[in-house]
Structure formats: structure tokens, C-alpha cells
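# What the coordinates show
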Amino acid sequence: MNVEAKLAVDRFFVDEEDAHIKLGDVSTLDRATLELLVRGCPAGLYRFNDQGGLDFDYAGCFECGTCYVLAHGTAIASWEYPRGEMGIEYRRG
Ligand code: SF4
């Protein structure tokens, strides 16, 4: 079973009321800093939009912490695990 097949059986319980990752003012950051997130997030949740800005949606987050390591204190204003019963439910490790 490959990684994509394993991820396909995971379930996400998205907390629509409380984003567990919040961005700061990314408009002041250079592209190289933002590119760390675009390239580093294994779920592909950070993307450049047509205007060159950064789009982010926490739904689908693997809770791996990579973006925290890469950009806490720059792009990432706060990072927490989702509230209980929320977030990803891994089913294949
Ligand atoms: S915790 Fe991992 S999967 Fe979630 S947004 Fe950050 S880098 Fe992406």
C-alpha cells in the first residue's frame, strides 16, 4: 500500500469554529519565506495565488508540525493541535 492509498482512508474532522493554525500578516514577508511553507507542507495546504499572495486552509492538515518549525514567528502566528475529537484520524499509521 503506497502513501497516497494510506492517506486516502484517513478522516478529517474540521473544526470550523477554531482554526488550529493561524497566520500572521504574511503580506510583509518575502517570497522565499513563504515558499518554505508552500514547499514544506506535505498536505499542500499553502499555495501561492494568482496575485502572488499566500492562500492557506487548515482543513486537511496532517498535524505534522512542519510549518511550525519552518515559520513560527514569521508567517505562523499560532499553532496548536485541534481541539479534542477534531483534526485528522489516522487509520493506517
Ligand atoms: S502541520 Fe503539517 S500538514 Fe498541517 S499545515 Fe502545517 S505543514 Fe501542513
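It should be noted that the structure appears before, not after, this text.
Conventions we followed
Residues numbered from 1 in each chain as written. Predicted model: local features only at pLDDT ≥ 70, side-chain atom pairs only at ≥ 80, totals over all residues. Heavy atoms only, no water. Salt bridge = Lys/Arg side-chain N within 4 Å of Asp/Glu carboxyl O. Helix = DSSP H or I, 4+ residues; strand = E, 2+ residues; numbered from the N terminus. Buried < 20%, exposed > 50% of the residue type's maximum accessible area, 1.4 Å probe, protein only. Contact = heavy atoms within 4.5 Å. Polar contact = N/O pair within 3.5 Å; in protein donor to acceptor, adjacent residues only side chain to side chain.

## Regarding the pattern of salt bridges
Inspection of the entire model under this criterion finds 7 salt bridges. One salt bridge connects Arg31 with Glu35, and the closest N-O pair in it is separated by 3.7 Å. In this pair, Arg31 and Glu35 both sit in helix α2 (residues 31–40), 4 residues apart, roughly one turn of the helix. Its relative accessible area of 47% is what places Arg31 among the partly exposed residues.

## Things to note about the environment of Ala71
Tracing the backbone shows Ala71 in helix α3 (residues 66–71). Taking relative accessible area as the criterion, Ala71 reaches 1% and is therefore assigned buried. A C-alpha to C-alpha distance of 7.5 Å links Ala71 and Leu37, two positions 34 residues apart in sequence. Leave out the neighbours within four places in its chain, and Ala71 touches Leu37 and Ile76.

## With respect to the side chain of Asp15
The residue Asp15 is located in the loop between β1 (11–13) and β2 (21–23) in this model. Separated by 2.6 Å, the side chains of Asp15 and Arg83 make a polar contact. Residues in contact with Asp15, not counting those within four places in the same chain, are Tyr58, Arg83 and Met86.

## Examining unusual backbone geometry
Phi is positive for Glu63, close to 60°, though the residue is something other than glycine. Here Glu63 shows up in the loop between β4 (54–56) and α3. By relative accessible area, which is 17% here, Glu63 ends up buried. At Glu85, a residue that is not glycine, the phi angle is positive and equals roughly 75°. Here Glu85 lies in the loop between β5 (76–79) and β6 (87–89).

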